[in-house]
Amino acid sequence: MLLPSDEAGRGRPVVLLHARPTDRTMWGAHLSLLAAAGVRAIALDLPGHGEAAVPEDREVAPWTDVLDTLDHLGADRFVLAGNSLGALVALQTAVTAPERVEGLMLIGYRPHDQPASPRLQAAWDAERMALAAGDLDAAVTAGVEAWTSAGATTEVRAHAARMLRDQLTEQLAHGEPSLAADPLGETATALRTLTVPALVGVGEHDMPDFFEGGEALARDLDAGRPVVIPAASHLAPLEQPSVFCTLLLDFIRRLPESRD
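What comes next concerns the included structure.

Rules behind the numbers
Each residue is numbered by its place in its chain's sequence as written, counting from 1. It should be noted that, the model being predicted, local features are given only for residues of pLDDT at least 70 and side-chain atom pairs only at 80 or more, the latter also being counted only at that level, while totals for whole chains, interfaces and linings use all residues. Processing note: side-chain calculations cover all non-hydrogen atoms of the structure and skip hydrogens and water entirely. Only rings of Phe, Tyr and Trp enter the pairing, Trp through its six-membered ring, and a pair is recorded when the two centres are within 6.5 Å. The plane angle decides the type: under 30 degrees is stacked, over 60 is edge-to-face, the rest tilted. The helix count covers DSSP runs of H or I at least four residues long, the strand count covers runs of E at least two residues long, and both are numbered beginning at the N terminus. Burial status follows relative accessibility: with a 1.4 Å probe on protein chains alone, a residue under 20% of its type maximum counts as buried, one over 50% as exposed, and anything between as partly exposed. Paired strands, in this sense, are two strands between which DSSP finds at least two bridges. To obtain an axis, a line is fitted to C-alpha atoms, over the contacting stretch when the element is a helix, and the angle between two such axes runs from 0 to 180 degrees between their N-to-C directions. Residue contacts follow a heavy-atom distance rule, with two residues in contact if any of their heavy atoms lie within 4.5 Å. Remark: nonpolar core denotes a set of buried residues (Ala, Val, Leu, Ile, Met, Phe, Trp, Tyr, Cys) joined through side-chain atoms within 4.5 Å. Should an angle lie under 35 degrees it is considered roughly parallel, over 145 roughly antiparallel, and from 65 to 115 roughly perpendicular; all remaining angles are considered oblique. When residues are grouped by polarity, Ala, Val, Leu, Ile, Met, Phe, Trp, Tyr, Cys and Pro land in nonpolar, Asp, Glu, Lys and Arg in charged, and all others, Gly among them, in polar.

1. Observations concerning the packing of aromatic side chains
Reasoning step 1: As enumerated under the stated definition, the model contains one aromatic pair in all.
Reasoning step 2: Between Trp-27 and Phe-244, the ring centres sit 5.5 Å apart and the planes meet at 40 degrees, which makes this aromatic pair tilted. You can see Trp-27 sitting in the loop between strand E2 (12-17) and helix H1 (28-36) and its partner Phe-244 sitting in helix H10 (residues 241-253), a full 217 residues away along the chain. Here the two residues Trp-27 and Phe-244 agree in accessibility, since each one is buried.

Structural data, given as structure tokens:
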């Protein structure tokens, strides 16, 4: 499956993978910032999000779709930058094709088997109960409150609401696509085999789950201490695009020269 994409710039490919309640438009402000810094920024819609509709009864393997799409776009080697779901897919892609991944920037990661904090469980419950009651507006409001910080701008909140509404509408119409077997397996063993340079981060106001998940991930990847992105919650790149891009570009500059 070839994924819808937006891109800008020329140079080392940097692939931007969005969070669960969003789509590739969350990277709209980042494309021009990264292009101006001399990289080729590529934002993808993951399967079941944005314009990446999934045919019924199709088992999805987002990591394979990412690789196939980058083949189509002529990007043999690349840096992956992901937020939340995007961080997970970046890891799955890196484990599947480590020889193609030059670096990983992973923001807001939590493994699925990590027990949910009361705050995270409450966010899930609020969305689920609103949807069960047929109240899409309440579900969207609950999501915006859960995933953005109290200090997020009106524009950021409106953008998050649009993306979340589109995602929930798609989910209600077609359900969640079934996933292929996770290449990460059931333990962290696969992650510990990765030798890809990595930077792990979390929003300052994100839930404790993602601080805990980020710290464990950084240990598994030997990535040092996670970076805290100030004045941001779970959708840290959306709230703080300039800060995110500065961190990403500093990370890229420390990587070995691309072989492409």
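2. Considering the sheet that holds strand E7 (residues 227-229)
Reasoning step 1: Ordered in space as E1-E3-E2-E4-E5-E6-E7, the seven strands form an open sheet in which the pairing is mixed. The open sheet has two edge strands with one neighbour each: strand E1 (5-8) and E7. Strand-to-strand, the axes of this sheet are offset by a mean angle of 20 degrees, without reference to chain direction.
Reasoning step 2: Summarising the sheet, E1 and strand E3 (residues 39-44) pair through four bridges and their orientation is antiparallel. If you follow Asp-6 over to E3, its bridge partner there is Ala-43.
Reasoning step 3: Helix H2 (residues 62-72) rests against E2, E3 and strand E4 (78-83) of the sheet, and its axis sits at about 135 degrees to E3.
Reasoning step 4: Across the sheet, helix H3 (residues 85-96) is in contact with E2, E4 and strand E5 (101-107); its angle to E5 comes to roughly 155 degrees.

3. What to know about the nonpolar core
Reasoning step 1: Of all hydrophobic cores here, the largest spans 45 residues; its most connected members are Leu-16, Leu-34, Phe-244 and Leu-248.
Reasoning step 2: If one sorts the elements of this core by residue count, H10 sits on top with six residues.
Reasoning step 3: Apart from the residues within four sequence positions on either side, Phe-244 is in contact with Leu-16, Trp-27, His-30, Ala-81, Met-105, Ile-107 and Pro-237.

4. Overview of the packing of H2 against H3
Reasoning step 1: In the contact formed by H2 and H3, the axes pass within 8 Å of each other and the chain directions differ by 70 degrees. Classified by the angle between their axes, H2 and H3 sit roughly perpendicular to one another. Of H3, the residues touching H2 (which contributes Pro-62, Trp-63, Val-66 and Leu-67) are Val-89, Gln-92, Thr-93 and Thr-96.
Reasoning step 2: A class-by-class count of the residues in the contact of H2 with H3 yields five nonpolar, three polar and no charged.

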